[in-house]
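Each chain, written out:
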Amino acid sequence: MTEVHNVDNAEIAKFSQIATQWWDPQGHFKPLHDINPLRLSWITDNANGLFGKSVVDVGCGGGILAESMARAGAQVTGIDMAEASLEVAKLHGLESGVKVDYSLTSAEQFAASNAGKFDVVTCMEMLEHVPAPASVVSACSQLVKPGGWVFFSTLNRNLKAYAMAIIGAEKVLRLVPEGTHEYEKFIKPSELLKMADTAQLKARNMTGLHLNPLTGGYYLSDKNVDVNYLIACQRLA
């Protein structure tokens, strides 16, 4: 692995400042609440179900995806480097009664002591917020059992993605706080696929996440992966 302390302190501070809004479906994290059923369904379908499986959510934030996977019957661990977000996740778990084990640690540190322990690894909307995304991809590969599934979602790097994710979503529609994303950190699918291949992960499926501007609803389609996209990978034996 390239870097154990693969953390951008400015990114941690950014999310810590708005951590109290994680579970407000109309707040700063509204897009995550809106897309969560889509990504949960996509993960479940590709992994052939989550019930009874061990799952780790890398970069879990306030636990939106982690809790939904636990509700689906998975044994879920959530890890993140933003302590404020984890505290919100733990408190919400107490209120909801949904059990998720949360840990303040990086993907690399966690993988060093939990290699090959999980059936499924998720790393959603996280790679574009760390200095060395390839290091996280490698750690995710370490965490999953041979034949297990690893899921990534991130943003493509092109003019369309800049126009829609930064100008459109941040500055015009204000779907997320301004400054949430940095265009230079966006990752082309070809780059992520190369990272996955280097980490002994075989890409099995890829789809794009799209926003219908007329209805305001989100949907998945593999017709293009120009802006937001998801990749399902399987760990080679």
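Bear in mind that the values here come from a model prediction, so they are computed numbers and not experimental data. (Residues numbered from 1 in each chain as written. Predicted model: local features only at pLDDT ≥ 70, side-chain atom pairs only at ≥ 80, totals over all residues. Heavy atoms only, no water.)

### A few points about the sheet that holds strand S2 (residues 75-80)
What the eight strands build is an open sheet, ordered S3-S2-S1-S4-S5-S8-S6-S7; its pairing is mixed. Both edges of this open sheet fall to strand S3 (101-104) and strand S7 (218-221), since each of them pairs with a single strand only. On average, adjacent strands in this sheet sit at an angle of 20 degrees to one another, irrespective of strand direction. Taken together, the six bridges between strand S4 (residues 118-124) and strand S5 (residues 144-155) define a ladder with parallel strand orientation. Its bridge partner lying in S5, Val121 is registered against Val150. Packed onto the sheet, helix H3 (residues 64-71) meets strand S1 (54-58), S2, S3 and S4 and runs at close to 170 degrees relative to S1. Packed on one face of the sheet, helix H6 (residues 133-143) meets S1, S4, S5, strand S6 (201-211) and strand S8 (228-235) and runs near 150 degrees to S5. (Pairing = 2+ DSSP bridges. Helix = DSSP H or I, 4+ residues; strand = E, 2+ residues; numbered from the N terminus. Axes fitted to C-alpha atoms, helices over the stretch in contact; angles between N-to-C directions. Contact = heavy atoms within 4.5 Å.)

### Side note on helix H2 (residues 30-46)
Across its 17 residues, H2 extends 25 Å between first and last C-alpha, which sits within 8% of the 24 Å expected from 1.5 Å per residue. In the structure, H2 departs most strongly from a straight axis at Asn36, where the bend amounts to approximately 40 degrees and where the proline Pro37 lies between one and four residues downstream. Those residues of H2 lying buried are Pro31, Leu32, His33, Ile35, Asn36, Arg39, Leu40, Trp42, Ile43 and Asn46. Along its buried surface, H2 packs onto H3, S4, S5, S6, S7 and S8. One or two positions beyond H2, positive phi appears at Asn48, with a value near 55 degrees. (Expected span 1.5 Å × (residues − 1). Bend = angle between axes of the 7 residues up to and from the residue. Buried < 20%, exposed > 50% of the residue type's maximum accessible area, 1.4 Å probe, protein only.)

### Notes on a nonpolar patch on the surface
There is a patch of nonpolar side chains on the surface, built from Tyr162, Ile167, Val172 and Leu173 and spanning about 370 Å² of accessible area. Residue position: Ile167 is located in helix H7 (residues 159-172). (Patch = residues over 30% accessible without salt bridge, like charges linked within 9 Å, V, L, I, M, F, W, Y side chains within 5 Å. Areas by Shrake-Rupley, 256 points an atom, 1.4 Å probe, with all protein chains shown as cover. Salt bridge = Lys/Arg side-chain N within 4 Å of Asp/Glu carboxyl O.)

### Quick word on the side chain of His129
Here His129 lies in the loop between S4 and H6. Here Glu11 takes part through its side chain, which lies 2.8 Å from a polar atom of the side chain of His129. Setting aside anything within four residues of it in sequence, one finds His129 in contact with Asp8, Glu11, Phe15, Thr180 and His181. (Polar contact = N/O pair within 3.5 Å; in protein donor to acceptor, adjacent residues only side chain to side chain.)

### Re the nonpolar core
In this structure, Trp22, Leu50, Val76 and Phe151 are the most contacted members of the largest nonpolar core, which totals 34 residues. Taken together, the elements giving at least two residues each to this core come down to H2, H3, helix H4 (83-96), S4, S5 and S8. Excluding its chain neighbours within four sequence positions, the residues that come into contact with Val76 are Val55, Ala66, Met69, Ala70, Val100 and Asp101. Ala139, Cys140, Leu143 and Met195 belong to the second largest nonpolar core, which has 30 residues in total. (Core = buried A, V, L, I, M, F, W, Y, C linked by side-chain atoms within 4.5 Å.)

### What to know about the pattern of salt bridges
Taken as a whole, this structure holds 13 salt bridges when the rule is applied. One network of salt bridges, with partners in common, ties together Asp8, Glu11, Lys14, Glu182 and Lys185.

### Topic: the packing of aromatic side chains
The description of two aromatic rings rests on the distance between their centres and on the angle between their planes. Here the structure, examined in full by the defined rule, presents seven aromatic pairs. Summarising the aromatic geometry, the rings of Trp22 and Phe29 are spaced 3.8 Å apart at their centres and angled 10 degrees between planes, so their arrangement reads as stacked. The pair formed by Trp22 and Phe29 is uniform in burial state, with each residue classed as buried. Taken together, the ring pairs connect Phe15, Trp22 and Phe29 into an aromatic cluster. (Phe/Tyr/Trp six-rings, centres within 6.5 Å; stacked < 30°, edge-to-face > 60°.)

### Overview of the pairing of S4
In summary, the side chains of a regular strand alternate between the two faces of the sheet. Taking burial as the measure, the seven residues of S4 include six buried ones, the bulk of the element. As paired elements, S1 and S4 share three bridges and run parallel to each other. Bridge pairing links Val55 to Val120 in S4. In this region the chain leaves S4, passes through H6 and returns to the parallel neighbour S5; the handedness of that crossover is right-handed. (Right-handed = clockwise from strand over helix to strand, strands pointing away.)

### Observations concerning the environment of Gly116
Positionally, Gly116 belongs in the loop between helix H5 (107-113) and S4. In this structure Gly116 comes out as partly exposed when scored by relative accessible area, which is 34%. For the pair Gly116 and Ile187, spaced 71 residues apart in sequence, the C-alpha to C-alpha distance is 26 Å. For Gly116, the residues in contact, after removing those within four places along its chain, are Gln142, Leu143, Val144 and Lys145.

### Description of the pairing of S5
Most of S5 is tucked away: nine of the 12 residues are buried. Looking at chain direction, S5 and S8 are connected through seven bridges and run antiparallel. Looking at the pairing, Ser153 lines up with Leu230 of S8.

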